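# Structural characterization, general
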2 protein chains.
Amino acid sequence: MKKLKRSARLVEMTQYLLLRPHHLIPLTTFAERYGAAKSSISEDLSIIKEVFEEEGMGDLLTLAGAAGGVKFIPKVGETQAREFIDQLCGMLSDRNRILPGGYLYMSDLLGLPNLMNEAGRLFATVFANQNIDVIMTVETKGIPLAYATGAQLNLPVVLVRRDHQVTEGSAVSINYVSGSHKSLHTMTLSRRALKENSRVLIVDDFMKAGGTIQGMVDLLAEFNATVAGVGVLVESGEVESEQRLLHDYVSLATLTAVDPKVKEIVVQPGNYFSKFDAK
Amino acid sequence: MKKLKRSARLVEMTQYLLLRPHHLIPLTTFAERYGAAKSSISEDLSIIKEVFEEEGMGDLLTLAGAAGGVKFIPKVGETQAREFIDQLCGMLSDRNRILPGGYLYMSDLLGLPNLMNEAGRLFATVFANQNIDVIMTVETKGIPLAYATGAQLNLPVVLVRRDHQVTEGSAVSINYVSGSHKSLHTMTLSRRALKENSRVLIVDDFMKAGGTIQGMVDLLAEFNATVAGVGVLVESGEVESEQRLLHDYVSLATLTAVDPKVKEIVVQPGNYFSKFDAK
């Protein structure tokens, strides 16, 4: 490839790394790509590393040795994470979201790709070191968040369906009880979708008692797979602790109260920062 | 903010622009952010512009005047687009994808966030100048592609459901005939989800005769909205032209033949490049 000046090389390397989070890139890839000495590439990388760290973009890990290289680990800095979560809570507490029955309309927020991508970057930050093979969600509303997280962690997404689809091949189905309604539902996962012994990060948009997520956990057992973590965008705080089926999860926001009579919604930050400190 | 050296500024501006496609950013934003003169910022931008164009990353549009600024328009270069489409066709033609009934298993590919993001960048390239307000898809498999396209075009995604959900508020439902089975289905869209007179880009993972997409077109009429374009990942070439309900669309791959007996799949590039030249 043609030789690039340092300034052009920095632009090119920055975009190359940003598009490939959690990919190990050998230094020779860059050296050959730009016709530059490895020492120059190392200097470039240290400039990029410094900016990424200062701006709260993430880490640039350098792995030495023959199988070595550089890896971009996207991480949202604490200041930006707090700003994002405050913004999310503000958007969620708009009283016009209250639907009949005290349900909350969130589809407009879930329909903003950039908002979902930013939430995905938060999950990628907190689960960066969890040794995960695959992200799992159940249709429908958690899908954008699962993909946003998967893109940042460089992991595939496995989608649990409500019905068995002809385009999925043979599948495993389980029944589960949805905690909030105590009603019985089915979920199904294609045999081809998940390898045995996988470590799985479960992602969803909303959790009340956790029945749906517990269903996914039970489904994982059928594949001899294990839960590496659970991330939800919003959890309902209107659940007694003993009713909660699941206790180890990361949430970005907590819906403390929805009062359809006075049209009031109270939303607080989720447990994101407490989980983050522990890791 | 602290002053940055040119090299650090280039890294920072590159990531800032890449994270904000189709956003107009005033030069003063950068000037204040880095405590630099506008003339220095302009020089930085021309370096970035040159690299983006050479690497087939996209354009950097400069808009003059008081309301001016710079806008990153992601565009995949033709060489990369051909490479991507060839790779996609190769992945699709794996004979192990054939399911009973001649259906094709694609969930593993649809489950790769990076593959979906790259496909979304192709749609963002071909529809960059189409004056679109919103992306629309119907659950479930087209969702990741719709979000990938929406992220690159800086547009929200509206999701059509198969059933009316309690969390969607009041909704409009229509019946439609799925072309391949001639069976009757329902699709529904929340009243809140779409403003009147919107211009809508429809995105889906697969199109045979086009009955599902025609259903979305009919649904749009209920909202006085218009179709600004249709993009599908894979189209079936096993449909006679007169059976096709829809003729103006962009596809990345065409499934020419699936033969379950000899276990053969023939996949060719879709009409992407012909549509692209016409615009």
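Residues numbered from 1 in each chain as written. Chains lettered and ligands numbered in written order. Predicted model: local features only at pLDDT ≥ 70, side-chain atom pairs only at ≥ 80, totals over all residues. Heavy atoms only, no water.

## As for the sheet that holds strand E2 (residues 58–63) of chain B
Residues and elements named next belong to chain B. For the record, the criterion: Only strands that DSSP links by at least two bridges are regarded as paired with each other. We count a stretch as a helix when DSSP gives it H or I for four or more residues in a row; a strand needs E for two or more, and each element gets its number in order from the N terminus. The contact rule is simple, with two residues in contact once any of their heavy atoms fall within 4.5 Å. The axes are straight lines fitted to the C-alpha atoms, using for helices just the contacting stretch, and the angles between their N-to-C directions are given from 0 to 180°.
Reading across the sheet, the 3 strands line up as E1-E3-E2 and stay open at both edges, with antiparallel pairing between neighbours. The open sheet is flanked by strand E1 (24–25) and E2, the only strands paired with a single partner. Where E2 lies against strand E3 (residues 69–74), 6 bridges are found, and the strand directions are antiparallel. Along E3, the bridge assignment pairs Leu 60 with Phe 72. Those strands touched by helix H1 (residues 6–18) are E1, E2 and E3, and its axis lies near 65° from that of E3. Running over the sheet, helix H3 (residues 38–54) touches E2 and E3 and is turned about 150° from E2.

## Looking at the interface of chain B and chain A
Convention followed: In this description, buried area is defined as the sum, over both parts, of the accessible area (probe of 1.4 Å) that is lost when the two are combined. For this document, the term salt bridge refers to a Lys or Arg side-chain nitrogen within 4 Å of an Asp or Glu carboxyl oxygen. We define a polar contact as two N or O atoms separated by no more than 3.5 Å, with the added condition that, inside protein, one atom must be a possible hydrogen donor and the other a possible acceptor, whereas residues neighbouring each other in sequence contribute only through side-chain atom pairs.
Contact residues are listed per partner, giving 57 residues for chain B and 58 residues for chain A. A combined buried area of about 4,300 Å² lies between chain B and chain A, and 63% of that area is made up of carbon and sulfur atoms. The tally of links from chain B across to chain A stands at 4 salt bridges. B:Glu55 is the partner of A:Arg33 in a salt bridge, and the nearest nitrogen-oxygen pair spans 3.6 Å. At the junction of chain B with chain A, the criterion picks out 14 residue pairs in polar contact (both at pLDDT 80 or more).

## Remarks on the relation of the copies chain B and chain A
Here is the rule: We place the copies in one frame by least squares, fitting the C-alpha atoms of every residue whose pLDDT is at least 70 in both.
In screw terms, the move from chain B to chain A is a rotation of 180° and a rise of 0.0 Å along the axis, fitting with an RMSD of 0.0 Å. Here the copies are linked by what is in effect a two-fold axis. Same-surface contact between copies: 100% of interface residues of chain B are shared with the interface of chain A.

## Examining the nonpolar core
Inclusion rule: Among buried residues, those of type Ala, Val, Leu, Ile, Met, Phe, Trp, Tyr and Cys that are joined through side-chain atoms within 4.5 Å constitute a nonpolar core. Partly exposed describes any residue whose relative accessible area lies between the buried limit of under 20% and the exposed limit of over 50%, with all areas from a 1.4 Å probe on protein chains only and scaled to the type maximum.
Membership of the largest hydrophobic core comes to 86 residues, with the highest contact counts inside it found for A:Leu252 and B:Leu252. Residue contacts for A:Leu252: discarding those within four places in its chain leaves A:Phe84, A:Ile85, A:Leu88, A:Ala119, A:Leu122, A:Phe123, A:Val232, A:Leu233, A:Pro269, A:Gly270 and A:Tyr272.

## A closer look at helix H8 (residues 211–222) of chain A
Residue and element names in this part refer to chain A. The test is simple: Multiplying one less than the number of residues by 1.5 Å gives the expected span of a helix.
Taking 1.5 Å of rise per residue, 12 residues should cover 16 Å, and H8 covers 17 Å from first to last C-alpha, within 8% of that figure. Listed in full, the buried residues belonging to H8 are Gly 211, Thr 212, Ile 213, Gly 215, Met 216, Leu 219 and Leu 220. Those residues of H8 hidden inside the fold are in contact with strand E4 (134–138), strand E5 (157–160), strand E6 (171–178), strand E7 (183–190), strand E8 (199–207) and strand E9 (226–236). Where H8 terminates, the next one or two residues include Asn 224, which has phi positive at roughly 50°.

## Quick look at helix H7 (residues 143–153) of chain B
Residues and elements named next belong to chain B. Among the 11 residues of H7, 11 are classified as buried, and the element is accordingly described as predominantly covered. Along H7, the residues classified as buried are Ile 143, Pro 144, Leu 145, Ala 146, Tyr 147, Ala 148, Thr 149, Gly 150, Ala 151, Gln 152 and Leu 153. Immediately beyond the C-terminal end of H7, within one or two residues, lies Asn 154, with a positive phi of roughly 55°.

## Here's the deal with the pattern of salt bridges
Residue and element names in this part refer to chain A. For the structure shown, the criterion picks out 28 salt bridges over all chains. Where Asp 44 meets Arg 6, a salt bridge forms, and the shortest distance between an N and an O atom there is 2.6 Å. With a gap of 38 residues between them, Asp 44 in helix H3 (residues 38–54) and Arg 6 in helix H1 (residues 6–18) connect regions that are remote in the sequence. The structure contains a network of salt bridges with shared partners spanning Arg 6, Arg 9, Glu 43 and Asp 44.

## Overview of unusual backbone geometry
Here the bond from A:Glu139 into A:Thr140 is cis, since omega is 15°, no more than 30 degrees from zero. Inspection of the secondary structure assignment puts A:Thr140 in the loop between E4 and helix H7 (143–153). If you check the backbone angles, B:Asn131 has positive phi at about 55° while not being a glycine. The topology assignment puts B:Asn131 in the loop between helix H6 (113–126) and strand E4 (134–138). Its identity is not glycine, yet B:Lys263 carries a phi of approximately 55°, on the positive side. In this structure, B:Lys263 sits in the loop between strand E10 (250–259) and strand E11 (264–269). Residue B:Lys263 is classed as partly exposed on the basis of its relative accessible area, which comes to 35%.

## Looking at the UniProt feature "domain: Bacterial purine repressor N-terminal" (unreviewed entry) in chain A
Worth spelling out the cut-off: UniProt positions are given in the numbering used here, feature names are shortened, and annotations may be inferred rather than shown by experiment.
In this structure's numbering, the residues bearing the UniProt feature "domain: Bacterial purine repressor N-terminal" (unreviewed entry) are residues 5–74 of chain A. Counted over residues 5–74 of chain A, helix gives 54% and strand 20%. Its end C-alpha atoms are 26 Å apart.

## Things to note about the side chain of A:Gln15
Relative to the assigned elements, A:Gln15 resides in helix H1. Among the polar contacts listed, one links the side chain of A:Gln15 to the side chain of A:Glu12, at a separation of 2.9 Å. Residues in contact with A:Gln15, not counting those within four places in the same chain, are B:Thr14, B:Leu18, B:Glu55 and B:Met57.

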